[in-house]
Amino acid sequence: MSDHHLTGDHHPSPASAATTALGPLLLLPSELLHDILIRLALPELLRVRSVARPFSHVISSPDFRRLYHLSSASSGSGPAAAWLLVFKKLRPRDAALRGFHGPSGRWFRIPVSAILAPAVPPGEDLYFLAASGSSFLFAANGRRELVVVDLSAHAARRLPPSPLGPRGTSSWRRFGLKLVADPPGSSQFRFLFAELVNNMPFLFEYQSETDMWQSSEAVQADGASTAAGPDGTFLCAAHAGPDCVMVYSGQGVERPVFFRPLFPHNPNAGGADRLHVYGDGSAAVVRSTAIDEPSRTRVKVVAGVDLYGFGSVVGGDWQLVSTVPGELIEGFRKPYAVMTGLLSEREGVVRLVLISNCRGAWDIVWLSYDLSRREWRWVPVPDWGTKGLNMAGIAVSSTFSRLWPPAASSCTTTSSQ
């Protein structure tokens, strides 16, 4: 399957041709033109702005930008509300992120090698950790440091070592970290992670505005008596299957607190194998059963997925929120040998991504659950040549569609095979 580049190249002839072809659209009423343009994925929109000069004024206007941001923010549990980002480990000069956009059903290629080059030496082993807004965070294994890419500024820089010192890629746990654009829509960000230090949970926070780290030892929560704030952060400081140490910071507490929530008994679990995925105050339990294939390779298939949460309090146990309907399970029920996952929640929508491998072929399942509507959705993710893929990190960003490079040359799209 072809994917589409997100680059900064300019081609005068195609631009002239595009202007001629798209010219009649300028005769449409502005309301209708806006309705057409907001349906485009961000890379497609920036491509139109780059190659068709008459559209640059329309797309760059404050009114249209505000309309596009509102459309992205209000798309609910639909795939337009978030991007699935995968880092494919290639030669350093070909390193690229790939982003899947659900409404268009396509993958977009986001080259980062040229941006990373000034901050990362040749041959460095990179791992993609997280994304928020225009910021993409990587861990460099050789130099044991963090590198952040600002896509809108087309720049990369190294972060100072955390209070725990230099850390390799294996030290970073997906369930225990979070990248947050702060304030929203800006290039500034906060990076938080939780770890056990001498068997005590600590919260570490880096602020790009000050270029400094802060660390706080968490105190034990006083039962389930604290209400979780809308901007509060839940991180998993440690986990082993169903046993985990959660750290909360934000509204309602003066300093970070920790607690060890328990799962309720689930009579549907039976003797199934279970994968526990944590993120943003939620937990997904993926139940699988083993099957024997003709090749005598022992593999498993997903039998059920349960979603848990804390409700509106900090310090309580896990509560069953919902179970993925069986008909959705049948849609992505494929044999797998190994599986991992990530879980995120934003603006009332929980997103679960399951990544599995069977005989060298990767498969990605993307589920979303709207908490207010109590509705599950499965977003089919097409394959883009994942056989033998050396995957080096995956993330979900619900703010990527709100990224708006300041210059028309920052991002455009071109087709490739």
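The rules behind each value
Residues numbered from 1 in each chain as written. Predicted model: local features only at pLDDT ≥ 70, side-chain atom pairs only at ≥ 80, totals over all residues. Heavy atoms only, no water. Helix = DSSP H or I, 4+ residues; strand = E, 2+ residues; numbered from the N terminus. Buried < 20%, exposed > 50% of the residue type's maximum accessible area, 1.4 Å probe, protein only. Contact = heavy atoms within 4.5 Å. Areas by Shrake-Rupley, 256 points an atom, 1.4 Å probe, with all protein chains shown as cover. Pairing = 2+ DSSP bridges. Axes fitted to C-alpha atoms, helices over the stretch in contact; angles between N-to-C directions. pLDDT = per-residue confidence, 0-100. Phe/Tyr/Trp six-rings, centres within 6.5 Å; stacked < 30°, edge-to-face > 60°. Lys NZ or Arg CZ within 6 Å of the ring centre and 35° of its normal. Core = buried A, V, L, I, M, F, W, Y, C linked by side-chain atoms within 4.5 Å. Polar contact = N/O pair within 3.5 Å; in protein donor to acceptor, adjacent residues only side chain to side chain. 1 Å grid on protein atoms, 1.4 Å probe; cavity = no way out; pocket = protein on both sides within 12 Å on 5 of 7 lines; lining within 4 Å. Points joined across faces, edges and corners; volume = space filled by probe spheres on them. Nonpolar A, V, L, I, M, F, W, Y, C, P; charged D, E, K, R; others polar. Salt bridge = Lys/Arg side-chain N within 4 Å of Asp/Glu carboxyl O. Arc of directions from axis to C-beta.

> Help me understand the overall build of the protein chain, please; the structure alone is not making it clear to me.
The number of helices and strands found in the protein chain is 7 helices and 28 strands. Burial statistics for the protein chain: of 417 residues in total, 52% are counted as buried. In the protein chain, 56% of the contacts between residues at least 6 apart in sequence involve partners at least 24 apart. Accessible surface, the protein chain as shown: approximately 18,900 Å² in total, 51% of it carbon and sulfur.

> What is the right way to read the sheet that holds strand β19 (residues 282-292) from this model?
Across a sheet, paired strands are connected by hydrogen bonds in the backbone, their directions being either parallel or antiparallel. Taken in spatial order, the 4 strands line up as β18-β19-β20-β22 in an open sheet, and their pairing is antiparallel. Both outer strands of the open sheet, β18 (273-279) and β22 (319-323), are each paired with one neighbouring strand and no more. This sheet shows a mean twist of 35° between the axes of neighbouring strands, independent of strand direction. Looking at chain direction, β19 and strand β20 (residues 298-309) are connected through 11 bridges and run antiparallel. By the bridge assignment for β20, arginine 287 is matched with glycine 304.

> Would you take a moment to explain the confidence of the model for the protein chain for this structure?
Confidence in the prediction of the protein chain, expressed as mean pLDDT, is 80, and 77% of residues score 70 or more. The least confident element of the protein chain, judged by mean pLDDT, is strand β28 (residues 412-415) at 35; the most confident is strand β11 (residues 200-207) at 97. Taken as a whole, residues 76-80 scores under 50 in pLDDT and shows 17 contacts with residues more than four places along the chain or in a different chain. This model gives residues 404-417 a pLDDT under 50, and the stretch forms 47 contacts once residues within four places in sequence are excluded.

> Help me understand the packing of aromatic side chains, please; the structure alone is not making it clear to me.
Note on aromatic pairs: each is described by the distance of the centres and the angle between the planes. In this structure the tally under the stated criterion is 26 aromatic pairs. Here phenylalanine 234 and tyrosine 248 contribute two aromatic rings whose centre-to-centre distance is 4.9 Å and whose plane-to-plane angle is 45°, an arrangement assigned as tilted. Note that phenylalanine 234 is positioned in strand β15 (residues 233-240) and tyrosine 248 in strand β16 (residues 243-249), a separation of 14 residues in sequence. There is no split in this pair, since phenylalanine 234 and tyrosine 248 are both buried. Between tyrosine 278 and tryptophan 318 the ring centres are 6.0 Å apart and the planes differ by 35°, which places this aromatic pair in the tilted class. Placement of the pair is tyrosine 278 in strand β18 and tryptophan 318 in the loop between β21 (313-314) and β22, with a sequence separation of 40 residues. The exposure class assigned to tyrosine 278 is buried, which follows from its relative accessible area of 1%. Grouping aromatic residues by their ring pairs yields a cluster made of Phe175, Phe234, Tyr248, Phe259, Phe263, Tyr278, Tyr308, Phe310 and Trp318. The aromatic ring of tryptophan 172 is capped on one face by arginine 167, whose charged end is 4.4 Å from the ring centroid.

> Just checking my understanding: could you explain the nonpolar core for this structure?
Side chains of nonpolar character tend, in soluble globular proteins, to be buried together. Counting residues in each nonpolar core, the largest one holds 38 residues, and the members touching the most others are Met246, Tyr278, Val302, Trp318 and Leu352. If near-sequence neighbours (up to four positions away) are discounted, tyrosine 278 is found in contact with Phe175, Cys236, His239, Gly241, Pro242, Asp243, Cys244, Phe263, Ala283, Trp318 and Leu343. Counting residues in each nonpolar core, the second largest holds 22 residues, with Leu97, Val147, Val149 and Ala392 among its members.

> Explain the sheet that holds strand β12 (residues 212-217) here, please?
Here we have 4 strands laid out as an open sheet, ordered β9-β10-β11-β12, and antiparallel in their pairing. Taken across any chain shown, the strands that pair with only one partner, and hence form the sheet edges, are β9 (177-181) and β12. Direction aside, the axes of adjacent strands within the sheet are offset by 20° on average. Where β9 meets strand β10 (residues 189-197), 5 bridges bridge the pair, whose relative direction is antiparallel. Within β10, the residue paired with leucine 179 across the bridge is phenylalanine 191.

> Would you mind going over the side chain of arginine 287 with me for this structure?
Within the secondary structure, arginine 287 is located in strand β19. Within the structure, the side chain of arginine 287 is placed 2.9 Å from the side chain of aspartate 306, a separation counted as a polar contact.

> What should I look at first to understand empty space enclosed by the protein in this one?
Where empty space is left in the structure can be found by rolling a water-sized probe over the atoms. For the structure on display, the rule yields 1 cavity of 30 Å³ or more. Taken as a whole, the largest cavity encloses approximately 70 Å³ of empty space. Lining the largest cavity are Val302, Phe332, Lys334, Tyr336, Met339, Leu354, Ser356, Asp363 and Val365. When residues of the lining of the largest cavity are traced back to their parent elements, those giving at least two are β24 (349-358) and β25 (361-370). Residue composition of the lining of the largest cavity, by class: 6 nonpolar, 1 polar and 2 charged.

> Explain the pattern of salt bridges here, please?
Any two side chains of opposite charge can pair, on the condition that their charged atoms come close. Scanning the model with the defined rule gives 13 salt bridges in all. Between arginine 167 and glutamate 195 there is a salt bridge whose closest N-O contact spans 3.0 Å. Residue arginine 167 is found in the loop between β8 (155-158) and β9, and its partner glutamate 195 is found in strand β10; the two are separated by 28 residues along the sequence. The same class applies to arginine 167 as to glutamate 195, namely buried. One salt bridge connects arginine 287 with aspartate 306, and the closest N-O pair in it is separated by 2.9 Å. Of this pair, arginine 287 sits in strand β19 while aspartate 306 sits in strand β20, placing them 19 residues apart in sequence. Residue classification places aspartate 306 among the buried residues on the basis of a relative accessible area of 1%. Within this structure, Arg143, Glu145 and Arg158 form a network of salt bridges that share partners.

> Is there a simple way to explain helix α2 (residues 30-37) in this structure?
Because an α-helix packs 3.6 residues into every turn, residues spaced three or four apart end up facing the same way. Where α2 is concerned, the buried positions are Leu33, His34 and Leu37. Buried residues along α2 cover an arc of 100° about the axis, so they all sit on one side.

> Is there a simple way to think about unusual backbone geometry in this case?
Outside of glycine, negative phi angles account for most residues, and trans bonds account for most peptide bonds. Here the phi dihedral of asparagine 198 falls at roughly 55°; this positive angle occurs in a residue that is not glycine. Counting through the fold element by element, asparagine 198 comes out in the loop between β10 and β11. Despite not being glycine, aspartate 280 shows a phi value in the positive range, around 55°. Tracing the backbone through its elements, the reader meets aspartate 280 in the loop between β18 and β19. A relative accessible area of 18% means that aspartate 280 is categorised as buried.

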